[in-house]
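Observations on chain architecture
Residues per chain, in single letters:
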Amino acid sequence: MQDNKTDKKLLFKGLKTLLFSLLSLFMGPILLSFAFSKPDEPLYLPLLIIGCAICAMAVFMMFKGIKIIMDSMFKK
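Report follows, based on the coordinates.

Conventions and cut-offs
Residues numbered from 1 in each chain as written. Predicted model: local features only at pLDDT ≥ 70, side-chain atom pairs only at ≥ 80, totals over all residues. Heavy atoms only, no water. Helix = DSSP H or I, 4+ residues; strand = E, 2+ residues; numbered from the N terminus. Expected span 1.5 Å × (residues − 1). Buried < 20%, exposed > 50% of the residue type's maximum accessible area, 1.4 Å probe, protein only. Contact = heavy atoms within 4.5 Å. Polar contact = N/O pair within 3.5 Å; in protein donor to acceptor, adjacent residues only side chain to side chain. Axes fitted to C-alpha atoms, helices over the stretch in contact; angles between N-to-C directions. Parallel < 35°, antiparallel > 145°, perpendicular 65-115°, else oblique. Left-handed = near helix turned anticlockwise from the far one by under 90°. Nonpolar A, V, L, I, M, F, W, Y, C, P; charged D, E, K, R; others polar.

**A look at helix α2 (residues 44-73)**
- Here α2 is 30 residues long and its end C-alpha atoms lie 44 Å apart, about the 44 Å a rise of 1.5 Å per residue gives.
- The complete set of buried residues in α2 reads Leu48, Gly51, Ile54, Ala58, Met61, Gly65, Ile68, Ile69 and Ser72.
- In this fold, the buried residues of α2 make contact with α1 (8-37).

**Notes on the side chain of Ser21**
- On the secondary structure map, Ser21 appears in helix α1.
- Within the structure, the side chain of Ser21 is placed 2.7 Å from the backbone oxygen of Leu18, a separation counted as a polar contact.
- Dropping the residues within four chain positions of it, Ser21 is found in contact with Ala58, Met61 and Met62.

**Some thoughts on the packing of α1 against α2**
- Here α1 crosses α2 at 160°, and the two axes come no closer than 7 Å. Judged by the angle between their axes, α1 and α2 are roughly antiparallel. Taken as a pair, α1 and α2 cross one another with a handedness that is left-handed.
- Considering only residue class, the contact of α1 with α2 consists of 27 nonpolar, eight polar and two charged.

Written as structure tokens, this is what we have:
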């Protein structure tokens, strides 16, 4: 008979991923607002690219973290 218990190591890995994505969710828009506040500065384009990449990474990491947590609860 199988035990239907949560894999705690995998759960904590998913929570760490969600925490990292939460930090990225704040850092990305902050960098974008810095970039949009001064569009004539020389760092406009690098800040814009890095801010967009961090925002995209945050969304990807959120889905990945939720998937890891679901895999820890409902084993394949």
